[in-house]
Every structure is written in C-alpha cells, then in structure tokens.
Amino acid sequence: MTLQWTAVAVFLYVEIGVLVILCLPFISARRWQTIFKLGIWNKMAPFWNKGFLTMIIVLIVLFLDAVREVRKYTGAQQSKDPKLHPNIFDHMHMKLFRAQRNLYISGFSLFLWLVMRRIITLINQLATATAAVAVLQNQVESTNQAAMKYMEDNEHLKKALHEGGTGKDPAGGNEGLRKEAEELTEQLRLSEDGLKKSQAELEAMRRQKENLTLEYDRLLQEFQNLQERSGEDKKDQ
C-alpha cells in the first residue's frame, strides 16, 4: 500500500473511532456540546470549514482515481486469457484487488466524513433544544405558581368584597378592594396568556427535540449498517 492510501486508511480508522465515541449512549448531547465549546475548538473553528471542504475534495479525487483503476484493470483482465498468460493474469488480478481495496477505503472515508459532520451538527442542535426545553419547563412552572397565587388572591378579594357588601368593611373600603381585584384579575389574565404561550413554545421545542433524536438515531443506524457492510466486504475479499 502506497503512502497516500496508507494515510487514507488511517484516516478511515480514525473516523470510525470518533463516530463510535460520538454514538456512546451514556454521554449526553449537552456534555458533548460542553466539550465542543472548549477553547481549543474555538481556535480551530475558523479553519474547520476550509479543512472540511479540503478533505472532501481530496477524498473525491482519490475515489475517482480508484474508480478509474478498477475500470482499467477490469477491462485488462477480461482481455487476457488466463491459460495463455498465467503470470500476467495473476498480476492483473492483484492490481484489480488493490484498486477495489482503494475504492472501498476512499468511498467509506468520504461517506463517514459527511456522516461525522452531520452527527456533530445534530448533537449541537439536540443539546440546544434540550436546554431550551428545560428553560421553558421552568418558565411554565413559575407561571403556574404565579397563576395559582393570583387565583388565591382573587378568591380572597371576592370574599372580602362580599363581606364588605354586608356592612363589615368601613365606608369607602369597597372601592379600593374593587380596584385591587380588577388589577389582580388583569394580572391573572396576563399570567394565563403567558402560560399558554410558554406551553406552545414548550410543545414546539419538544417536537424539535423528537425530530432531532429521530434523525440522530437514523444516522446511527446507517453507521452500524455501513460497519456491517464493510465487515462483509472484507470477508469476501
């Protein structure tokens, strides 16, 4: 194996290792996001897109070169009679095997490079959605508590107004109680509106989180299928 294909093979093994680590179930998306926000990654961020595109171009060139080699030696092998040229046939068969091996290595490296980028993006989005859902849940709980408090205050004021109507309150006190009741009723209405809005946002974030989780599971399944196919191809060779 030449130096360039050795480098591509090492790159493929590194990709598989990184993807296996990213798919570990006991490491949460929020923890991965914390790791991605370390200072070293922030320094590399300006060069990430350029490096990503550069690797795609390099892998595509190597993949096309491997396709060309496979087609070249496949045609040459069919044109030779193995009985008349046994040594040449064995040499061409070896060349074809190497070309097919390089084709698989470059193809899987390109595919896993794209999958790894997509998985990292989904992990960040899932972590952001999870954090947003937690914040919205806290807001909903706070709004519920405030609404319950306002409702209790409103009930107390209604009782006080009822008692004031029977002559238990001093003169002129009913008007102040009515104004306070109106203010609390308005606050209660605003709290209920805020609660409905928070619940709608929470439901939207939950749906987004479910969609991201489904997409993450789909990519994980594709990665496992790819590993199985790669193992079967190696066994066939």
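So, how was this worked out
- Residues numbered from 1 in each chain as written.
- Predicted model: local features only at pLDDT ≥ 70, side-chain atom pairs only at ≥ 80, totals over all residues.
- Heavy atoms only, no water.
- Salt bridge = Lys/Arg side-chain N within 4 Å of Asp/Glu carboxyl O.
- Buried < 20%, exposed > 50% of the residue type's maximum accessible area, 1.4 Å probe, protein only.
- Core = buried A, V, L, I, M, F, W, Y, C linked by side-chain atoms within 4.5 Å.
- Helix = DSSP H or I, 4+ residues; strand = E, 2+ residues; numbered from the N terminus.
- Contact = heavy atoms within 4.5 Å.
- UniProt positions renumbered as here; feature names shortened; annotations may be inferred.
- Phe/Tyr/Trp six-rings, centres within 6.5 Å; stacked < 30°, edge-to-face > 60°.
- Polar contact = N/O pair within 3.5 Å; in protein donor to acceptor, adjacent residues only side chain to side chain.
- Expected span 1.5 Å × (residues − 1).
- Arc of directions from axis to C-beta.

### Digging into the pattern of salt bridges
Under the definition given, this model contains two salt bridges. The partner of Arg 68 in a salt bridge is Glu 69, with the nearest N and O atoms 2.7 Å apart. By relative accessible area, Arg 68 is classed as partly exposed at 43%.

### Some remarks on the nonpolar core
Ranked by size, the top nonpolar core spans 40 residues in total, and within it Val 8, Leu 19, Leu 22, Leu 112, Trp 113, Ile 119 and Ile 123 carry the most contacts. At the level of secondary structure, the elements contributing two or more residues to this core comprise helix H1 (3-22), helix H2 (29-36), helix H3 (39-79), helix H4 (86-165) and helix H5 (173-236). Broken down by element, this core gets its largest block of residues, 16 residues, from H4. Setting aside residues up to four positions removed in sequence, Ile 123 forms contacts with Leu 22, Ala 29, Trp 32, Phe 36 and Tyr 216. Judged by nonpolar contacts, the second largest core, of five residues, contains Val 70, Tyr 73, Met 92 and Leu 96.

### Overview of the UniProt feature "transmembrane region" (unreviewed entry) in the protein chain
Under the local residue numbering, the UniProt record ascribes the feature "transmembrane region" (unreviewed entry) to residues 7-27, 47-67 and 102-120. Along residues 47-67, the helical share is 100% and the strand share 0%, with 30 Å between the first and last C-alpha atoms. Secondary structure content for residues 102-120 is 100% helix and 0% strand, and the end C-alpha separation is 27 Å.

### Observations regarding the environment of Ser 142
With respect to the secondary-structure elements, Ser 142 resides in helix H4. By relative accessible area, Ser 142 is classed as partly exposed at 44%. Note: C-alpha distance between Ser 142 and Leu 195 (53 residues apart in sequence) is 9.1 Å.

### Let's talk about the packing of aromatic side chains
One pass over the full model with this rule turns up three aromatic pairs. Aromatic side chains Phe 52 and Trp 113 sit 5.6 Å apart centroid to centroid with 25° between the ring planes, which places their arrangement in the stacked category. Separated by 61 residues along the polypeptide, Phe 52 in helix H3 and Trp 113 in helix H4 bring together distant segments of the chain. Take Phe 52 and Trp 113: they sit in the same class, and that class is buried. Seen from their ring centres, Tyr 104 and Phe 108 are 6.3 Å apart, and the 15° between their planes marks the pair as stacked. With Tyr 104 and Phe 108 both in helix H4, this residue pair falls four residues apart, about one helical turn. Tyr 104 sits in the partly exposed class, given a relative accessible area of 35%. Grouping aromatic residues by their ring pairs yields a cluster made of Phe 11, Phe 52 and Trp 113.

### Here we look at the side chain of Glu 15
By the element assignment, Glu 15 lies in helix H1. A distance of 3.2 Å separates a polar atom in the side chain of Glu 15 from the backbone nitrogen of Trp 113.

### Looking at H1
With 20 residues, H1 ought to run about 28 Å at 1.5 Å a step, and its terminal C-alpha atoms sit 29 Å apart, in line with that. Of all the positions in H1, only Trp 5, Val 8, Ala 9, Leu 12, Glu 15, Leu 19 and Leu 22 are classed as buried. For H1, the angular spread of buried residues about the axis comes to 150°, placing them on one side. Every exposed residue of H1 that faces more than 90 degrees away from the buried side is listed here: Leu 3 and Tyr 13.

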